[in-house]
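Take a look at the letters that make up each chain.
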2 protein chains.
Amino acid sequence: MGIPEGSLTAKPSWRLKSIVTVALTLLTSSQAILIVWSKRAGKYEYSVTTANFSVEALKCALSLAALSRIWKSQGVTEDNRLSTSFDEVKVYPIPAVLYLVKNLLQYYIFAYVDAPAYQILKNLNIISTGVLYRIILNKKLSEIQWAAFVLLSAGCTTAQLNSSSDRVLQTPFQGWIMAIIMALLSGFAGVYTEAIIKKRPSRNINVQNFWLYVFGMLFNIIAIFIQDFDSVMNKGFFHGYSFITICMILNHALSGIAVSMVMKYADNIVKVYSTSVAMLLTAIVSVFLFGYHLSIAFFLGSTVVSVAVYLHSIGKPQR
Amino acid sequence: MGIPEGSLTAKPSWRLKSIVTVALTLLTSSQAILIVWSKRAGKYEYSVTTANFSVEALKCALSLAALSRIWKSQGVTEDNRLSTSFDEVKVYPIPAVLYLVKNLLQYYIFAYVDAPAYQILKNLNIISTGVLYRIILNKKLSEIQWAAFVLLSAGCTTAQLNSSSDRVLQTPFQGWIMAIIMALLSGFAGVYTEAIIKKRPSRNINVQNFWLYVFGMLFNIIAIFIQDFDSVMNKGFFHGYSFITICMILNHALSGIAVSMVMKYADNIVKVYSTSVAMLLTAIVSVFLFGYHLSIAFFLGSTVVSVAVYLHSIGKPQR
């Protein structure tokens, strides 16, 4: 990756790391609740690709707004100026391309894998992120932290078990291959984003985000052309958008920014733990909001996830 | 407990420890397979209390047989003579009484807890054994080993999940209390047996077993009187015994002796890990023997149990 070793060692404060982690956890858990809420309000009426584009556009706008405040207070510096070099920006399209390919694959995987099985297989992301984090960023996890990572993925899957989960065992070979490819794409995109952001530690995160999101918008336009061109032409770009759609776009935009912040001030491992804990929080909140019943599998999975978080924290590699 | 500290430190060989552990694992897993086999062959026709008595009697006979061989080769010594003092033998009835009370409670708990829920609640034994092992034997587990123990119990429970498991959440308060009391009785009996056996490290294990089993027989006679007196009087002691009943009694006797050996040369923690791994082995063997299907919950639970075994082994307390 050619990241200078020294540039990775600038340690952000413990406080900043905690704030972005908690923000990501809360935003991710409310995200899932909004999805449940929107589903109860009826089926999706809007086009998912235009919503994704709107999320990227909103993130761009929010990054610019944050930058303009910073320019006012600190003036334009080498680190916070928007203009960039080809050398800096050339790697920025890569995560956007990876996510685009992954999102397109998502439409085809359902030919081989049904929805309950897909829910289970998505937990392969946890493992792929850990492995790629190790390989690409060349950062070490201790033996205990690896064990914790396996537990995190087993615990998350256990917590999501329901009576249809066993269908995953009937997944054909092609389904497994696609699920593994999707997990690798998603893990690679996450780890690559971290590499890009951390390569220039002093560069302002809002500038880095701005360029990431510009390419996000660009590749989402391609997705709109591939998947929803007719529907957008006939019904319009914002057809079917409701109040809850707007809430979801706002939430996705904010959690996207929180992910970037976690990449800047923490890492992909923290991101994975944070979104896993968010999944558990969502389920608990859903008990109160929607009268969901928690299963014994949920309690067992939560126990395993909690132990994983504990082991990860006590298992820091000795240096 | 008044166990002299020094007497606990005589370390048995690693090889002996491994042999008894593997023996216990294999015997326990074949035990469950025999139970499945006997159930498929039809309902239990025999009285369970007389079978328990027969197991104790057989264990007594096997201990005496082993002793007579030892006497022939080594002669009668202070450590292998059968005669005992009141001071040595006074604690031997305690585990037998605890098991008797636990077995009697087992008949009453089903008023509050149904069978699938009981299967889940039985895993509380793992936790109670760990806690009582710590308190009574005053042996330390490291933080990682405690985490591993919680994982072992969550993993075993996960592996046993099926569509009826959620009934455990409807267990009334009395059911939970009884399940916890039973777990404590069973954990206490196990840990107390270890304390008795380890109190005199140089005493021959077959003599210690002989006296344990004598009291086992005695208290099982009481159980026969309480539960099956009429049936034994009318139909006879061995009524309904089949070939498979005899196999089960033989297996129970051998695994009982293996448990004692594990207590002597290893400890209750090893016993719990060994019986947990046996549970997984049973399920895998049942796929081939009875055409069982393994669930995704089984794979997840097995993963968690495997990680627990790994963590326990790397997590030895630093001295």
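Right, let's walk through the structure included here. (Residues numbered from 1 in each chain as written. Chains lettered and ligands numbered in written order. Predicted model: local features only at pLDDT ≥ 70, side-chain atom pairs only at ≥ 80, totals over all residues. Heavy atoms only, no water.)

## With respect to the packing of helix H4 (residues 93-109) of chain B against helix H8 (residues 173-199) of chain B
Residues and elements named next belong to chain B.
Reasoning step 1: Where H4 meets H8, the closest approach of the two axes is 9 Å, and the angle between their N-to-C directions is 160°. On the basis of the axis angle, H4 is roughly antiparallel to H8. Note that H4 runs across H8; the crossing there is left-handed. (Axes fitted to C-alpha atoms, helices over the stretch in contact; angles between N-to-C directions. Helix = DSSP H or I, 4+ residues; strand = E, 2+ residues; numbered from the N terminus. Parallel < 35°, antiparallel > 145°, perpendicular 65-115°, else oblique. Left-handed = near helix turned anticlockwise from the far one by under 90°.)

## Let's talk about the relation of the copies chain A and chain B
Two chain copies here: they are related by a rotation about an axis and a translation along the same axis.
Reasoning step 1: For the match of chain A to chain B, the screw axis carries a shift of 0.0 Å, the RMSD comes to 0.0 Å, and the turn is 180°. Here the transformation between the copies is reduced to the relation of a two-fold axis. Looking at the rotation axis and the C-alpha trace of chain A, the residue lying nearest is Ser163(A), at 3.3 Å.
Reasoning step 2: Interface overlap between copies is the fraction of interface residues in one copy that are interface residues in the other; for chain A against chain B it reaches 100%, indicating a shared surface. (Least-squares fit on C-alpha atoms with pLDDT ≥ 70 in both. Contact = heavy atoms within 4.5 Å.)

## Examining the packing of aromatic side chains
Reasoning step 1: Across all of its chains, the model carries 24 aromatic pairs over all chains by this definition.
Reasoning step 2: Ring geometry for Phe110(B) and Tyr118(B): centres 5.1 Å apart, planes at 65°, overall edge-to-face.
Reasoning step 3: Judged by centre distance (6.5 Å) and plane angle (85°), the rings of Trp146(B) and Phe149(B) are edge-to-face. Remark: Phe149(B) and Trp146(B) occur in helix H7 (residues 143-159); sequence separation between them is three residues, near one turn of the helix.
Reasoning step 4: Aromatic ring contacts, followed pair by pair, group Tyr46(A), Phe53(A), Phe237(A), Phe238(A) and Tyr241(A) into a single cluster. (Phe/Tyr/Trp six-rings, centres within 6.5 Å; stacked < 30°, edge-to-face > 60°.)

## Considerations on the pattern of salt bridges
Reasoning step 1: Applying the stated criterion across every chain, the model contains 16 salt bridges over all chains.
Reasoning step 2: The partner of Asp114(B) in a salt bridge is Arg167(B), with the nearest N and O atoms 3.1 Å apart. With Asp114(B) in the loop between H4 and helix H5 (115-121) and Arg167(B) in the loop between H7 and H8, this pair connects stretches of sequence that are 53 residues apart.
Reasoning step 3: Among the salt bridges present, the one from Glu194(B) reaches Lys198(B), with a minimum N-O distance of 2.8 Å. One end of the pair is Glu194(B) and the other is Lys198(B), both in helix H8 and four residues apart, which spans about a single turn. Summarising the burial analysis for this pair, Glu194(B) and Lys198(B) share the class buried.
Reasoning step 4: Several salt bridges share partner residues, and in doing so they unite Asp87(A), Lys90(A) and Arg200(A) into one network. (Salt bridge = Lys/Arg side-chain N within 4 Å of Asp/Glu carboxyl O. Buried < 20%, exposed > 50% of the residue type's maximum accessible area, 1.4 Å probe, protein only.)

## A short note on unusual backbone geometry
Reasoning step 1: A positive phi angle is found at Asn138(A), which is not glycine, with a value near 55°.
Reasoning step 2: Position of Asn138(A) among the secondary structure elements: in the loop between helix H6 (124-136) and helix H7 (143-159).

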